[in-house]
Amino acid sequence: MRIMYLRQLVLCLVLATLPAHAQLVTQNPLDQLKEQLSRVLAEAGVPFTPAQEGQVTLLVEEQRQASESLFGDIMDFSDGIPEGAERDRALASIQWIHDAFRAKLSDYLTIDQRAAVEEFESQGGTLAATIDGAEEAGTEVSQIQQIRVTNNTFNVENGRSGSNGPQGGQRTEVIERGGSGAFHGNFIAEFEDDALNARNPTADNKPESRERAISGNISGPVIQDRLTASFSIDNNRQENVGSVVAQTLEGPFTLGITRPRVSKNYEAEGILQLNEANSLHFGVEYDSESEENNGIGRFTLPERGSNSSEQSVGFDLRQITVFSDNTVHETSFSWNDQSNETIPITTGQAINVLDAFNGGGGQNRNELDATSMQFKNLLYYEGSRLRLRAGSKIDYWDENSIQQSNFEGRFTFSDLDKFRSGQPEQYDVNVGDPGFEQTQVDSEFFVQSDLRLSNRFTLNLGLLYSTQNNLNDRNDFDPRLGFAYAVGNSTVVRGGTGLFHQRLNHWEFRRVLQEDGTRQHRIRISDPGWPDPYQAGDLEAIPPPSRRVLAPDFLSGYYFSSLISVEQSLPANLFLTVSFDYNRGLKMRRMRNTNAPLPGTLSDEHPDGIRPVPEEGDILQLESSGLSIHKNFKVRLRQRFSIFNINVDYSGNVGHSDGDGRRLPANSYDLRGDWGRAGLRQTHRLNASVNSRLPWDVYLTTVVNFTSGDMYSITTGKDNNRDGEFTDRPALATDLTRPGVVITDFGAFDLDPEPGQAILVRNSETGPNSLTWGFNLSKALELAGRSRVSVFANLSNAFNMTNLGTPSGTLSSKNFGLSTSASSPRRIQAGMRYQF
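Heads up: these notes are all about the structure in this document. The shown structure was predicted, so the numbers you read here are calculated from the model rather than taken from an experiment. (Residues numbered from 1 in each chain as written. Predicted model: local features only at pLDDT ≥ 70, side-chain atom pairs only at ≥ 80, totals over all residues. Heavy atoms only, no water.)

**Topic: the overall build of the chain**
Here comes step 1: A count of helices and strands for the chain gives seven helices and 38 strands.
Here comes step 2: Here the chain, with 836 residues, has 50% of them falling under the buried criterion.
Here comes step 3: A fraction of 71% describes how many contacts in the chain between residues 6 or more apart in sequence connect residues 24 or more apart.
Here comes step 4: As displayed, the chain has an accessible area near 37,700 Å², and 55% of this comes from carbon and sulfur atoms. (Helix = DSSP H or I, 4+ residues; strand = E, 2+ residues; numbered from the N terminus. Buried < 20%, exposed > 50% of the residue type's maximum accessible area, 1.4 Å probe, protein only. Contact = heavy atoms within 4.5 Å. Areas by Shrake-Rupley, 256 points an atom, 1.4 Å probe, with all protein chains shown as cover.)

**Overview of a nonpolar patch on the surface**
Here comes step 1: Side chains of F183, F187, I218, V222, I223, F231, L783 and Y834 sit close together on the surface and give an oily, nonpolar patch of about 730 Å² of accessible area.
Here comes step 2: Broken down by element, the nonpolar patch gets its largest block of residues, three residues, from strand β4 (residues 210–223).
Here comes step 3: In this fold, F187 is placed in strand β3 (residues 184–193). (Patch = residues over 30% accessible without salt bridge, like charges linked within 9 Å, V, L, I, M, F, W, Y side chains within 5 Å. Salt bridge = Lys/Arg side-chain N within 4 Å of Asp/Glu carboxyl O.)

**As for the nonpolar core**
Here comes step 1: The biggest cluster of nonpolar side chains holds 36 residues, and the ones touching the most others in it are L37, L41, F101 and L105.
Here comes step 2: Of all the elements in the fold, those that place two or more residues in this core are α2 (29–43), α3 (50–74), α4 (85–105), α5 (111–122) and β1 (144–150).
Here comes step 3: With residues up to four places along the chain from it excluded, the contact list for L41 reads V46, P47, F48, L109, Q113, A116 and V117.
Here comes step 4: Counting 17 residues, the second largest nonpolar core, distinct from the first, contains V353, F413, Y427 and I525. (Core = buried A, V, L, I, M, F, W, Y, C linked by side-chain atoms within 4.5 Å.)

**Some remarks on the sheet that holds strand β10 (residues 350–353)**
Here comes step 1: Strand order in the open sheet formed by five strands is β11-β10-β14-β15-β20, with mixed pairing between adjacent strands. Strand pairing shows two members of the sheet lacking a second neighbour, β11 (357–360) and β20 (520–526), which therefore form its edges. Each neighbouring strand pair of the sheet contributes to a mean axis angle of 15°, computed without reference to strand direction.
Here comes step 2: In the sheet, β10 pairs with strand β14 (residues 410–413) via four bridges, with the strands oriented parallel. What sits directly across from A350, in β14, is R410. (Pairing = 2+ DSSP bridges. Axes fitted to C-alpha atoms, helices over the stretch in contact; angles between N-to-C directions.)

**Brief notes about the pattern of salt bridges**
Here comes step 1: Counted under the stated rule, the structure contains 53 salt bridges.
Here comes step 2: Linking R640 and E68 is a salt bridge whose minimum nitrogen-to-oxygen distance equals 2.8 Å. One end of the pair, R640, is in strand β26 (residues 619–640); the other, E68, is in helix α3, with 572 residues separating them in the sequence.
Here comes step 3: Across the salt bridge formed by R261 and E289, the nearest N and O atoms sit 2.7 Å from each other. Residue R261 is located in strand β6 (residues 251–273), and its partner E289 is located in strand β7 (residues 278–294); the two are separated by 28 residues in the primary sequence.
Here comes step 4: A cluster of three or more residues bridged by salt bridges with shared partners is formed by R148, E157, R171, E173, R318, E330 and R389.

**Quick look at the packing of α2 against α5**
Here comes step 1: Relative to each other, α2 and α5 sit at 100°, their axes nearing to 9 Å. Taken together, α2 and α5 sit at an angle that is classed as roughly perpendicular. The residues of α5 that touch α2, namely those facing L37, V40 and L41, are Q113, A116, V117 and F120. (Parallel < 35°, antiparallel > 145°, perpendicular 65-115°, else oblique.)

**Remarks on the packing of aromatic side chains**
Here comes step 1: Applying the stated rule across the entire model yields 22 aromatic pairs.
Here comes step 2: Aromatic pair F457 and Y485: ring centres 6.4 Å apart, planes at 55°, arrangement tilted. Of this pair, F457 sits in strand β17 (residues 457–468) while Y485 sits in strand β18 (residues 476–486), and the two are 28 residues apart along the sequence.
Here comes step 3: Assessed through its relative accessible area of 34%, Y485 is described here as partly exposed.
Here comes step 4: Members of the aromatic cluster, connected to one another through ring pairs, are F357, F411, F413, F419, Y427, W530 and Y534.
Here comes step 5: Of note, R148 hangs over the ring of Y380, and the distance from its end group to the ring centre comes to 5.1 Å.
Here comes step 6: In this structure, R480 packs its charged tip against the face of F500, placed 3.8 Å from the ring centre. (Phe/Tyr/Trp six-rings, centres within 6.5 Å; stacked < 30°, edge-to-face > 60°. Lys NZ or Arg CZ within 6 Å of the ring centre and 35° of its normal.)

**Section: the pairing of strand β34 (residues 747–750)**
Here comes step 1: Inspection of the sheet shows strand β32 (residues 731–732) paired to β34 by two bridges, in the antiparallel sense. Note on β34: the bridge partner recorded for A731 is D750.
Here comes step 2: Linking strand β33 (residues 741–744) back to β34 in an antiparallel pair, the connection comprises two residues.

**Topic: the sheet that holds β32**
Here comes step 1: Taken in spatial order, the three strands make up an open sheet running β32-β34-β33, and their pairing is antiparallel. The outermost strands of the open sheet, each flanked by one partner alone, are β32 and β33.

**Here's the deal with α5**
Here comes step 1: Taking 1.5 Å of rise per residue, the twelve residues of α5 would be expected to cover 16 Å, and the 16 Å separating its terminal C-alpha atoms lies within 8% of that figure.
Here comes step 2: All buried positions along α5 are accounted for by Q113, A116 and V117. The arc that holds the buried residues of α5, viewed along the axis, is 95°, so those residues lie on one side. Projecting away from the buried face of α5 at angles above 90 degrees are the exposed residues I111, D112, E118 and S122.
Here comes step 3: Of the surrounding secondary structure, the elements contacted by the buried residues of α5 are α2, α3 and α4.
Here comes step 4: Positive phi appears at G124, one or two residues downstream of α5, with a value of about 95°. (Expected span 1.5 Å × (residues − 1). Arc of directions from axis to C-beta.)

Next comes the structure, spelled out in structure tokens:
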């Protein structure tokens, strides 16, 4: 049935585009300009030399991605037909890039070639490409002050790296002038109703749900050539649908639930052109958001949920001074004040039965008031052979919070039978002062130079210095090196290598400092009494408290990343990029229980083992001892025709590490034993989209997403080594008659491995794949002038494919090996849009 749908879809697209087939092939204006110039020079008998071909190729490719990205904005119909300020801005930017490229070409020509161009133009010839729509009102090139294109992935100003490899360094920044352009408005109303949607495949009911969103924006020159202003509002009410699939003492519990969410956003922005050389960009924003039934779903029952609310207000200022055509200086400042609150639906002790149900009180009452500020300074210079960026950034964070997590205690049971008989595996509770104050300052200083060493080769050199006030390791240097080399007329090879330090977030500091044993501490009891955890038989048990610490030698972790990519421009405006990156993570952060019971000390006399420091409980240390290796292979294909464009992105990933930094290892005394697949949730990911302009002002966007399954570990469901965590993994059983061996469809497992016996590797299993199709269909109705009304419909998971979630990996659970969750079913959203 699904294959039939796909065939019908392809047939409809082909038939719809046939009438416009003659206009299919289109070119990037830079390619058009290059071809025109090549033809003029060849006819004059002074053609490009091979060296010039390579030089101009590198110049074209430096700007091609930026211009094609802007064309992509114009031909992205996923939110309706692009109109208004965004379209004007994109067209003006494409024209600006074209004109800048045209001006630079003369620097690469010989005296005889310049004379040939002058002769051609004196005879009435025009050396310029035509950009459809750029001549319309509101698309003047004069509204663009500057466009900054960065194609260096290892750029120290914005480049970041992680398990997905280096990214973020490549970008196109468009800076506009104040008081330019035209007035535009954009108003949208959207709605969704459960009657149009499908039922979640893991729920027996389909709860009532409705969504509606109203948004609008108006912008334009308030004072001609002096001030541009923009005002926008966004009021959105969503009722996201999920499901609970749990096992309780009364039997299976399945329920479809909604998670209402209301968000509001009000924003005002402006550009004040002080004079020809100076402009001031400013903005004010207010956000509020409220959510209900957070945390409910899969094994977590409705009683365990919570409601939250958040408000924030902020403003930003950015002053830009253009000293010359080559030199720009800017400073910026932003301020934000936010507050949020989380209130559990019910209070009381929590009960977790592993991969069966989570019930009881929510116990996550939290409040936060925080102020953040950022100051940036940048000097930008671009010459014929050198591009230089140097600057600094300072981030300030100040918070006052109340964190009451697990203040009423939590029982953990390995399975339903143990819950039925009242035999919990563990009880833990946090005790102390929930209040906390913290200030954090992060600072960065950088210099980045892009030096054109030859006609074909550009070298990128950068250095980033960063420091953080909450760490003893305050001096981190990140040297970066990149290059771009034009191999032929349409091929550019890029690459680079460098260090990328990972800063410690304020919320990670908060947890370590708050649970330091003085402000707060945790009491944990193995095999506690029930329902009174402090009464185990006739014995009263009050164990020593647990705490968190930051390792004395804690260092900022870093990735050593290297990348090589090939960019190939093919006929018919087809652009292909293939890249491979290798990332070695060193000194990565992880948690370890430095006071866990020593291996081999569990006995009848010491059922909880012997600790290195007997008078203390668990000591959870955040340390920098993790290692990781990640390899990523990526392919990106982009093709733009006059009536549709295609984007395809594929990534294949292989990653290994000895921990995920969030949970304790299976054995805190054998960190290498946790070496396994990690870091990347999906090994394969494919995203494809087709934006089509069909006859009769009908627009269609088709989106296909495929991901391979998430990785997960098989665990015993018990705290075998008494370290306070249920991350223990079994061993593959060789003696099926041995006590503690369980046989499953996955194989036979020994739940209590003997000392020295090899346990199952972490993330040994892979969950189900996921495939979804989505469509956006819109119809435009022209009104007076440039105004129009569009009606549209969005279909997500259009064919209602069942994409199951990650199965349970807990051997003690009756749900072991089963997927008890699924991604969203088919959803349909309709709306209307007015633009002028």
